[in-house]
Amino acid sequence: LKFIFGPSAVPALDLVDQRSVTRVTSPSGRTAYQVLGSSGKLYTCYSSCHFCTCPAFGFTVLQKNESLLCKHILAVYLSQAMGACQELTVSEEQLTSILLAEEEDEG
């Protein structure tokens, strides 16, 4: 993993070990992932479009194109593969609030 994903591999495995990944699902089937980062901040990840709200994703992946993904996205993929995601079912309104909260943080 470290050969392919570089410095993100070990921190991502730590997040998986700490069970920091939660799959948030609404009744309509919409899904997002929340990852409690090592700093204690909660990041929203979308595996369907390979995106994370963390600053490292924006800088290292999108701007500098130095990495394929951040540790949070890798933790989501590893948790999915290992069946290690926490599960949380929320209403459509709650999921919308989660998604809008991220936009407000960025704005």
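Source: prediction; values computed, not measured. (Residues numbered from 1 in each chain as written. Predicted model: local features only at pLDDT ≥ 70, side-chain atom pairs only at ≥ 80, totals over all residues. Heavy atoms only, no water.)

Novice: Tell me what's going on with unusual backbone geometry, and back it up with residues and numbers.
Specialist: The phi torsion of most residues other than glycine is negative, and most of the peptide bonds are trans. Phi at Arg19 is positive, roughly 55 degrees, even though this residue is not glycine. Summarising the element assignment, Arg19 is placed in the loop between helix H2 (9-17) and strand E1 (21-25). Since its relative accessible area comes to 40%, Arg19 is described here as partly exposed. (Helix = DSSP H or I, 4+ residues; strand = E, 2+ residues; numbered from the N terminus. Buried < 20%, exposed > 50% of the residue type's maximum accessible area, 1.4 Å probe, protein only.)

Novice: Can you break down a nonpolar patch on the surface residue by residue, with the values?
Specialist: On the surface, Phe3, Ile4 and Leu68 cluster together to form a nonpolar patch covering roughly 420 Å² of accessible area. On the secondary structure map, Phe3 appears in helix H1 (residues 2-5). (Patch = residues over 30% accessible without salt bridge, like charges linked within 9 Å, V, L, I, M, F, W, Y side chains within 5 Å. Areas by Shrake-Rupley, 256 points an atom, 1.4 Å probe, with all protein chains shown as cover. Salt bridge = Lys/Arg side-chain N within 4 Å of Asp/Glu carboxyl O.)

Novice: How would you explain the nonpolar core if you had to name every residue and give the values?
Specialist: Core analysis: the largest hydrophobic core is formed by 22 residues, its most contacted members being Val21, Cys45 and Cys52. Among the elements of the structure, H2, strand E2 (31-36), strand E3 (42-46), helix H3 (55-63) and helix H4 (71-82) are those that each provide at least two residues to this core. Here this core takes five residues from H4, the largest share from any one element. In contact with Val21, other than residues within four places in its own chain, are Tyr33, Gln34, Val35, Ala75, Val76, Ser79, Ala84, Cys85 and Gln86. Val24, Tyr46, Val90 and Ile98 belong to the second largest nonpolar core, which has six residues in total. (Core = buried A, V, L, I, M, F, W, Y, C linked by side-chain atoms within 4.5 Å. Contact = heavy atoms within 4.5 Å.)

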